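Structural description and commentary
Chain residues, written in single-letter form:
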Amino acid sequence: MRIQVLCGLVAQVCCTEPCALHSDECDLQVELIQTASVLESRQSVRHPRSAGRDVFEDASLPASAFDREVPGSFLRTLLAIEEVKPKLLRMASNKTVTGDVNASSTTSTVTISSVDSLPVLGAASAFSAIVILTALCLFGCLKDQYPAVYLKKANEPGSHGETPPEINGYCGWVSPCWRLTVGEIANHSNLDHGMLVQFCDAAVMCFLSTGLPALLILCPLCAFGGGGSASSLSMLSFANVAQGSWTTYAYPVFVWYTVIVTQAFLFRAQRAFVERRYQWLRTMTEPRANSVLLSNLPEDLCKEAALQTFLRQQIFGSANREVLKSLAFVKDTSQLERLVAQRNQFNEDMQKLVEGEVHERRKAVAKAEMNKVEAQVGKLQEIIEKSDEYNLNSAFVTFHDRHDAVIVLKLFAPGGNEDIIAELPPDTDDVIWNDLRPAQWQWAWDLIGYLLLALVFLIFLPLVAINASFTNVTIWEKNSAEFATFMDRHHVLEVLSDALVGPLILNFLIGVLCSILASILVNFFVLKARGVLQHLLQRWYYVYLVILVLFVTAVGKSLTDVVDDLFKTPKDIPLRLAEKFADSTLFYMDFVILSCCVYMLAMLRLMPLYRYRIHSCIYEESLAISKSEPEDQDYNGMGGRSARLSLIYVLVLVLGTLAPVITIFGAIFFAICRLVFTYLFVYAETLKPDLGGLFWHQQLKHAQQGTFLYIALMTVLLLQRAPNPAPGIICSTSALFMAFSYYTFLHRFRWEQLEFSEIPAKVSEGAPEVPRVYGHYKQPELPPPKQKENTRLQRAATTMRMRVNTCCDVEPERRETRHKTMPH
C-alpha cells in the first residue's frame, strides 16, 4: 500500500536526520502520519462504487480528522510516492516551513521561504561595502589628479571670507566634512544645501533615538516571548510575534515613543531653520531683497505710468513720496530674439574670418553686414523699451525702501483676495524669461502635461510590480522544478539574486523616473525659474516614489490577489497591505543598504569628469571647466535628492518598529549622505540658485505625512495580531497627537516673509559702504542697466559681511573679506 510506504518514508527521515527538523516540520510529519492512519482505518468502509480503486482516489475526509486542514494541492504533492522523500529531505536540510494560522478561519497558510534572511542581508552589506571602498580609493586618486572637477571651490572664500578646511589623503576629507556645521555649509554654498545636510542630521538622531531602544527591548521580546516560528534574523522582528501574543502590548508604547521623539527632533530643527531663514532674508542682496514680481496684472495696469500711479496713490497713499526705484515690465521680445540670434551668428562668422586667412574685401563685407544687423538690434531695443505696447502682464518692481516691498508681498500674497499676485522674485540668474510670457494655449499644454504624468505612472506601475515579483527566487522555484534544483546546487547565486537584483533594478527605475518627470515638467508647465522646477519636481517625484516603492513593491509579489480583494472584500485591503509591508522588511533593508553605495558613487562625479576630459582636449582650461558643469540637474538636482531622502526617511520610519534593525541601516545611510553632500556642496559643485529653504519645508511636510502612514500600519497590524483590540486602539490614539503636531507645524512657524520688526534698517551715515547689488531684472535681449555689478563671490562675501556687522561681535580684521573675481 502507498500509505505504508509513506509512513515508512516519514519514519526514515525522522530517524536519519532528527536534529535538522524544526518543531513545525515535526508537526507536519505527525500530521501526515495521522492522515495515513485515518485513511487506513477507513478502508473497510469504502464506497461500493470505489471497489478496486485506491482509497486516495475517491475517499473524502472530514475536516475533523485533522488538527489543521492541509491545502489539497500541497497534500497531493506530498502523497505522490516518487516525490515524498526528496521534499521531506529538502525540508529537513536548509529550508524553513512557517505556518500562519488565522484565528477566524480553520485554513492554514504554509509559506516556504527559500532563502535565509541573514545571508541575504550579509550579501547586500558586503556588496555595498566593496563598492564604497572602491569608490573611496578612486576618489582619493582622482581628486588630486583632477582638482578642477573635485576641488574647484577648495581655495575660494565663502560668504564669511574664509576658505573651506583643507583636505588631504584618501580619507582626509571625512573629518573636515563631518565637523562642518550647517551654518558653515550654508555660508560656503547656500541655505538650501545647508538644510539638506540638516535633514540628514535630524534623520540620524531620530533613528538612533528610536532604533536603539527598540533593539534593546523589542528584539529580545520578539525572540524569546513572541511565540512565533520565524528563524534567523526574522526572530528579532514582528514576524516572530504569534497570533494573540502578550508581546503586542509593548508595541503601542513604542509607537507613542517614536512619534513623540521624531516630532521633537523635527520641531527643534524647524525652529533653527526659521532663524536661518530670517537671517537669509535680512542679508539678501539687492535688487532681489527689495523687489517683487507682480503677475496677473489687469490690462489697464500694463502700462508703466499707470502701474506707478497705482502703487504710489492707491497702495501707499502718497503721490509725492518716491516709492519706486525701478520698474521693468516683461516684454514681448519675439522679434528682437530673431535679430539677436542673427547678430550672434554674424559675430561667430566674423571671428572665424579674423582668425583665418581670407581676403580683406570679404572681411569688410562681413563687417558691414554685422554693423547693419547691430543697428537694427539697437533700434528695436530702443522701441521696445520706450513703448508700452510690448508690455506683458508681469513686472519686476524694485522699491527704495524694503518695508514697501514687504507690504506689497503681504498684501498681494498668493491665495489672497486680490487678482494681482506678488511673489518674492527668483535669483537674477535663475529666471526663465520664456515662462513669464503667457502662452495663448497654455491650458492645452497643461492638460497634455498632466496626461503624460498619468501615462508615466501607468507605465512604471507594472514595471515596479514585475521587478518585485520576477526578481524573487522563491516564485521561480515554485513554478519550475528545474530552476529549484539548479538553485539548490548553487545556493550562493540564490542568495546574491535575492540580495542584489531587485533593489538595484528598483534604484535604476526610480532614477529613470526622475529624469522623465523633469522633462515633462520643464516642457509643458510654466515654472518662471529653474529653482521652481526643482521644487515642483520634488513634490511630484515624492508622490510617485511613495506609491511605487512603498505600496507597489510591497504588494508586487501578489498584485493580482490584492486587486481581486479590492473588488471582492475591499474591507480587507488595509489588512492585506499591512501584512505585505511586514513581509517585505528584508527587501527594504537591502534597498536601504544598496542606496548607501549609490550615494557614495555620486562623489566620483563621473559625468562632469567625462565632460571635462572631452572638452579639455578642445578648449582651454577655464572653458573646459565651465562646459563640464553643472552635474545632471534632473537626478542630482535639489528636487530629486530631497524627494529620495524623504522616501528613505519614511521607509525606515514606517518599518522601524516592525524590524528595528532597519533603523540602524537608516542611520548609517543618512550619515553617509551627510558626508557626501557636505563634500559636494562645499568643495566640488558650483553655486546653485537659492530658494531659502523651500525644499527643507517640503521635506518636513513629507516626514510628517509619513508618520500618519506609520501609525496606520501599526494600528492595523496590532488589531489583527493582538489578543484584544486594546493595543490597536492605544496605538491609534497617537494619530490625534500627530494631527495636533502637524497642524502646529503648518500654522505656528512663520518663515516665508520677515516681520516688519525684523527688516534691517538703512545704512546710517558714516557707516562703511557695503556693495549690495548683484544682477538685474531685465530680459537678456534688452540692454542691461548701467550700474556697477558684483560677481557671485563678491555677493557671497557681501552677504556674510552684513551678517557680521549686524549680528556678530568679532574682531575688525575678521570682518575684512577677500574678494576674488570670477566670470559672471
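Below or above, wherever it landed, is the structure these notes cover. The residue numbers shown here count from 1 along each chain, following its written sequence. Owing to the predicted nature of the model, reporting of local features is limited to residues with pLDDT of at least 70; listing and counting of side-chain atom pairs is limited to 80 or more, with chain, interface and lining totals taken over all residues. Only heavy atoms go into the side-chain values, all of them from the structure, while hydrogens and water stay out.

Below, the discussion takes up the overall build of the protein chain. To qualify as a helix, a DSSP run of H or I must reach at least 4 residues; to qualify as a strand, a run of E must reach at least 2; elements of each kind are numbered from the N terminus. When helices and strands are counted, the protein chain shows 32 helices and six strands. Across the 824 residues in the protein chain, those meeting the buried criterion constitute 49%. Long-range pairs, those at least 24 residues apart, make up 80% of the contacts in the protein chain between residues at least 6 apart in sequence. All accessible-area figures derive from a Shrake-Rupley calculation using a 1.4 Å probe, and residue coverage is judged against the displayed protein chains alone. Roughly 39500 Å² of accessible area belongs to the protein chain as shown, and the carbon and sulfur atoms make up 59% of that amount. Buried residues are those whose accessible area, probed at 1.4 Å on protein chains only, stays under 20% of the maximum for their type, while exposed residues exceed 50% and partly exposed ones sit between those limits. In this description, contact between two residues means that some pair of their heavy atoms is separated by no more than 4.5 Å.

For the rest of this paragraph, the subject is the pattern of salt bridges. Pairs can form between side chains of opposite charge whenever their charged atoms are close. A carboxyl oxygen of Asp or Glu within 4 Å of a side-chain nitrogen of Lys or Arg is what we treat as a salt bridge. What the rule picks out here adds up to 14 salt bridges. The shortest N-O distance in the salt bridge between Arg-605 and Glu-631 comes to 3.1 Å. Placement of Arg-605 in the loop between helix H23 (585-601) and helix H24 (606-616) and of Glu-631 in the loop between helix H25 (621-628) and helix H26 (638-655) is noted, with a sequence separation of 26 residues between them. No difference in accessibility class separates Arg-605 from Glu-631, as the two residues are buried. In this structure, Arg-641 and Glu-685 form a salt bridge, with 2.8 Å as the shortest nitrogen-oxygen distance. With Arg-641 in helix H26 and Glu-685 in the loop between helix H27 (661-684) and helix H28 (694-721), the pair connects residues that are 44 residues apart, well separated along the chain. The exposure classification of Arg-641 matches that of Glu-685, with both residues buried. Connected via shared salt-bridge partners are Lys-152, Arg-605, Glu-629, Glu-631 and Lys-688.

Glancing now at a nonpolar patch on the surface. Surface patches are defined over residues having more than 30% relative accessible area and no salt bridge, joining like charges when they lie within 9 Å and nonpolar side chains (Val, Leu, Ile, Met, Phe, Trp, Tyr) when within 5 Å. A cluster of nonpolar side chains, contributed by Trp-441, Trp-443, Trp-445, Leu-447, Ile-448 and Leu-451, occupies part of the molecular surface with about 700 Å² of accessible area. Tracing the sequence through the fold places Leu-451 in helix H16 (residues 442-470).

Once that is clear, we can look at the packing of H28 against helix H30 (residues 734-748). Running from N to C, H28 and H30 point in directions that differ by 170°, and their axes come no closer than 10 Å. Considering the angle they form, H28 stands roughly antiparallel to H30. The segment H28 lies against H30, with His-697, Leu-700, Lys-701, Gln-704, Gln-705, Thr-707, Phe-708 and Ile-711 engaging Ser-734, Ala-735, Met-738, Ala-739, Ser-741, Tyr-742, Phe-745 and Leu-746. Here the residues of the contact of H28 with H30 are counted per class, giving nine nonpolar, six polar and one charged. The convention used is that axes are lines fitted to C-alpha atoms, helices contributing only their stretch in contact, and that angles between N-to-C directions extend from 0 to 180 degrees. Any angle that is under 35 degrees is reported as roughly parallel, and any over 145 degrees as roughly antiparallel; angles of 65 to 115 degrees are reported as roughly perpendicular and all others as oblique. Each residue is assigned to one class: nonpolar for Ala, Val, Leu, Ile, Met, Phe, Trp, Tyr, Cys and Pro, charged for Asp, Glu, Lys and Arg, and polar for all the others, Gly among them.

Another aspect to go through is the side chain of Arg-641. On the basis of relative accessible area, Arg-641 is assigned to the buried category, the value being 3%. Between N or O atoms, a polar contact is any pair within 3.5 Å; within protein, one atom must be a potential hydrogen donor and the other a potential acceptor, and residues adjacent in sequence are included only when both atoms are from side chains. A polar contact is formed between the side chain of Arg-641 and the backbone oxygen of Asn-636, at a distance of 3.1 Å. Among all residues touching Arg-641, those that are not within four sequence positions of it are Leu-196, Tyr-635, Asn-636, Phe-677, Leu-680, Phe-681 and Glu-685.

Helix span, expected: 1.5 Å multiplied by one less than the number of residues in the helix. Between the first and last C-alpha of H30 there are 20 Å, a value that for 15 residues agrees with the 21 Å anticipated at 1.5 Å per step. Listed as buried for H30 are Ser-734, Met-738, Ser-741, Tyr-742, Thr-744 and Phe-745. Taken around the axis of H30, the buried residues stretch over an arc of 160°, which confines them to a single face. In this structure, H30 carries Leu-736, Phe-740, Tyr-743, His-747 and Arg-748 as exposed residues pointing more than 90 degrees from its buried face. The directions considered for the arc run from the helix axis to the C-beta atoms.

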